[in-house]
Amino acid sequence: MKNTEELMKRLGVDIDAGTLRLALTHRSYAYEQGGIPTNERLEFLGDSILGFSVTDALYRDNPDLSEGELAKRRSAVVSTRALAGIARGLGLGEYILLGQGEKLTNGRDKSSILADTTEAIIGAVYLDHGIETARQMVMRLVGPLLSNAEALGAGTDWKTSIQEIAAGRKMGDIEYRVSGSGPDHSRSFVAVLHIGDKAYGTGVGHSKKEAEQEAAAASWKMINAKEADSTAAGS
């Protein structure tokens, strides 16, 4: 396994070598090694700690928000997309122990694997240091997301959010134009979102669904940025 000293610096906490190795052990690697333990139990633990930490922060920092809005924002922060983004920022993918099949299909950058491993890391920190240290690390990782309230609400499902905007403003029909490239074991997809007769955001992903979500996110930000500029110009 790659030297993890740099990873622990990025996390801001030391983790016992054995516990960290377990947190980084994907089931594909465990299977090839004769059925050694995987990180799935740690993932289960970390998921609960993540959910509690985010819920606690949202509740304390947003006294005027309804239960529904709090739940919506929590879903955005703990989503696979959000956790995978955090993992990419940490460079976590290069440390994950993967089987040969996952390596060949670019498993180190798969959102599902990155998100699951992030949760396993949280579980590992909890086991080594307890709830308060784990909670502090979670807040360091998700803090930038929690501070962007507007995008949090939309980020629960970018495709639904962009559909609501297009319908509310009578912008026209929505169409995702998707193209794929690369060999079957490592496909990459590009999606361009068209609303009415105009092209908006572009997204890239390892699946059509991921590319469409990225295109919807880019489009949502583009439309809202233009609206903000218009408001500022008119004030």
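Residues numbered from 1 in each chain as written. Predicted model: local features only at pLDDT ≥ 70, side-chain atom pairs only at ≥ 80, totals over all residues. Heavy atoms only, no water.

Things to note about the side chain of Glu 212
What counts here: Helix and strand labels come from DSSP, where a helix needs a run of H or I of at least four residues and a strand needs a run of E of at least two; each type is numbered from the N terminus. For every residue, the accessible area obtained with a 1.4 Å probe (protein chains only) is divided by the maximum for its type, and the residue is called buried under 20%, exposed over 50%, and partly exposed between those limits.
In this structure, Glu 212 sits in helix α12 (residues 208–234). With a relative accessible area of 15%, Glu 212 lands in the buried category.

As for the pattern of salt bridges
Put simply, the rule reads: Note on definitions: salt bridges are taken to be side-chain nitrogens of Lys or Arg within 4 Å of carboxyl oxygens of Asp or Glu.
Overall, the coordinates contain 12 salt bridges when judged by the stated rule. Residue Arg 60 is joined to Asp 56 by a salt bridge in which the shortest nitrogen-to-oxygen separation is 2.8 Å. With a gap of 4 residues between them, Arg 60 and Asp 56 both fall in helix α4 (residues 40–61), about one helical turn apart. Owing to a relative accessible area of 60%, Arg 60 belongs among the exposed residues under this scheme. Counted as one network, the salt bridges with shared partners bring together Glu 6, Arg 10 and Glu 94.

A look at helix α11 (residues 158–168)
Spelled out, the test is: The directions from the helix axis to the C-beta atoms form the arc being described.
Taken together, the buried positions of α11 are occupied by Trp 158, Ser 161, Ile 162, Ile 165 and Ala 166. Buried positions in α11, seen along its axis, are confined to an arc of 130 degrees and lie on one side of it. For α11, exposure combined with an orientation more than 90 degrees from the buried face picks out Gln 163, Glu 164, Ala 167 and Gly 168. Once α11 finishes, Lys 170 follows within two positions and takes phi at roughly 55 degrees, a positive value.

Considering the environment of Asp 64
In this fold, Asp 64 is placed in the loop between α4 and α5 (67–77). With relative accessibility at 77%, the residue Asp 64 sits in the exposed group. Along the chain, Asp 64 and Gly 93 lie 29 residues apart, while their C-alpha atoms are 38 Å from each other.

Some words on the packing of α4 against helix α8 (residues 111–129)
For any two helices packed against each other, the geometry comes down to the angle between their axes and how far apart the axes lie. Put simply, the test is: The axes used here are C-alpha line fits, helices contributing only the stretch in contact, and every angle between their N-to-C directions lies in the interval 0 to 180 degrees. Working rule for angles: under 35 degrees goes down as roughly parallel, over 145 as roughly antiparallel, 65 to 115 as roughly perpendicular, anything else as oblique. The contact criterion used throughout is that any non-hydrogen atoms of two residues lie within 4.5 Å. Following the grouping adopted for this structure description, the nonpolar residues are Ala, Val, Leu, Ile, Met, Phe, Trp, Tyr, Cys and Pro, the charged ones are Asp, Glu, Lys and Arg, and the polar ones are all others, Gly among them.
Between α4 and α8, the shortest axis-to-axis distance is 6 Å and the interhelical angle comes to 85 degrees. For the element pair α4 / α8, the angle class is roughly perpendicular. On α8, the residues touching Leu 42, Glu 43, Leu 45, Gly 46, Asp 47, Ile 49 and Leu 50 of α4 are Asp 116, Glu 119, Ala 120, Ile 122, Gly 123, Ala 124, Tyr 126 and Leu 127. Of the residues belonging to the contact of α4 with α8, the class tally is 9 nonpolar, 2 polar and 4 charged.

Topic: the pairing of strand β3 (residues 198–205)
How we decide: When DSSP locates at least two bridges between a pair of strands, those strands are taken to pair.
Here strand β2 (residues 188–195) runs beside β3; their pairing, made up of 6 bridges, is antiparallel. Along β3, the bridge assignment pairs His 194 with Ala 199.

Some remarks on the environment of Ser 188
With respect to the helices and strands, the residue Ser 188 is situated in strand β2. In this structure, the C-alpha to C-alpha distance between Ser 188 and Ala 166, residues 22 residues apart in sequence, is 27 Å.

Digging into the packing of helix α6 (residues 80–90) against helix α9 (residues 131–146)
Note the following rule: By the definition used in this description, the sense in which the near helix is turned from the far one sets the handedness, with an anticlockwise turn below a right angle giving left-handed and a clockwise turn giving right-handed.
At a minimum axis distance of 11 Å, the contact between α6 and α9 shows a crossing angle of 120 degrees. By the angle between their directions, the pair α6 and α9 is classed as oblique. In this structure, the crossing between α6 and α9 has a hand that is right-handed. When α6 is examined against α9, the residues Ala 82, Ile 86 and Leu 90 are found in contact with a partner set consisting of Leu 141, Val 142 and Leu 145. Residues of the contact of α6 with α9, tallied by class, amount to 6 nonpolar, no polar and no charged.

Re unusual backbone geometry
Residues other than glycine seldom take positive phi values, yet Asn 106 does so here, at roughly 60 degrees. Relative to the helices and strands, Asn 106 is located in the loop between α7 (100–104) and α8. Taking relative accessible area as the criterion, Asn 106 reaches 30% and is therefore assigned partly exposed.

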